[in-house]
Amino acid sequence: PIDVRKEPEPIDEGPFRVPEISAAFPGGEKALEKYLKSSIRYPESARKRNLDGVVYVTFVIDESGNAIDIDCKGIADKVFHEEAKRVIENMPLWKPGQMGTRKVKVYMTIAVSFKLI
């Protein structure tokens, strides 16, 4: 007999923008907000120049929960980009996103606001 097995369908390895189950920060959105507030240090050079701004940080949460491929966008001063990137690089592991039962890479975007009070 001839074994005619169908080739498995190729699986898109992502990163996904809208997975079946999105990646999640440990403790949820409130915990992420608390982490950001407690971790961000207002750059002294920006404070001296009385600067503020918003940085849009895009990154990928990989299958292990690590933040990778971090990129900062926005018209804010570069010192804000550097600080936002540092904080994202040091985040705790996330719960990875899923497609079915498989863990997958997921695109994420976070707005980080720097405002002098």
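Right above here is the structure, for reference.
In this text the structure is predicted, and so the values were computed from the model without any measurement.

**Comments concerning the overall build of the protein chain**
The helix and strand tally for the protein chain stands at three helices and five strands. Mapped from its N terminus to its C terminus, the protein chain presents α and β elements in the order α-α-β-β-α-β-β-β. Contacts spanning at least 24 positions in sequence make up 75% of the contacts within the protein chain whose residues lie at least 6 apart. If you sum the accessible surface of the protein chain, you get close to 8100 Å²; carbon and sulfur atoms cover 53% of it.

**Some details on the side chain of His81**
Mapped onto the fold, His81 is located in helix H3 (residues 78–89). Excluding residues that lie within four positions of it along the chain, His81 makes contacts with Val55, Cys72, Lys73, Gly74 and Ala76.

**Examining the pairing of strand S2 (residues 67–73)**
As paired strands, strand S1 (residues 53–61) and S2 are joined by five bridges and run antiparallel to one another. The residue bridging Thr58 from the neighbouring strand is Asp71, located in S2.

**What about the pairing of strand S5 (residues 106–114)?**
Burial along S5 is one-sided: the residues Val106, Met108, Ile110, Val112 and Phe114 are buried and none of Tyr107, Thr109, Ala111 and Ser113 is. Of the strand pairs in this sheet, S1 and S5 are connected by nine bridges, and their pairing is antiparallel. Bridge assignment links Val55 to a residue of S5, and that residue is Val112.

Criteria and cut-off values
- Residues numbered from 1 in each chain as written.
- Predicted model: local features only at pLDDT ≥ 70, side-chain atom pairs only at ≥ 80, totals over all residues.
- Heavy atoms only, no water.
- Helix = DSSP H or I, 4+ residues; strand = E, 2+ residues; numbered from the N terminus.
- Contact = heavy atoms within 4.5 Å.
- Areas by Shrake-Rupley, 256 points an atom, 1.4 Å probe, with all protein chains shown as cover.
- Pairing = 2+ DSSP bridges.
- Buried < 20%, exposed > 50% of the residue type's maximum accessible area, 1.4 Å probe, protein only.

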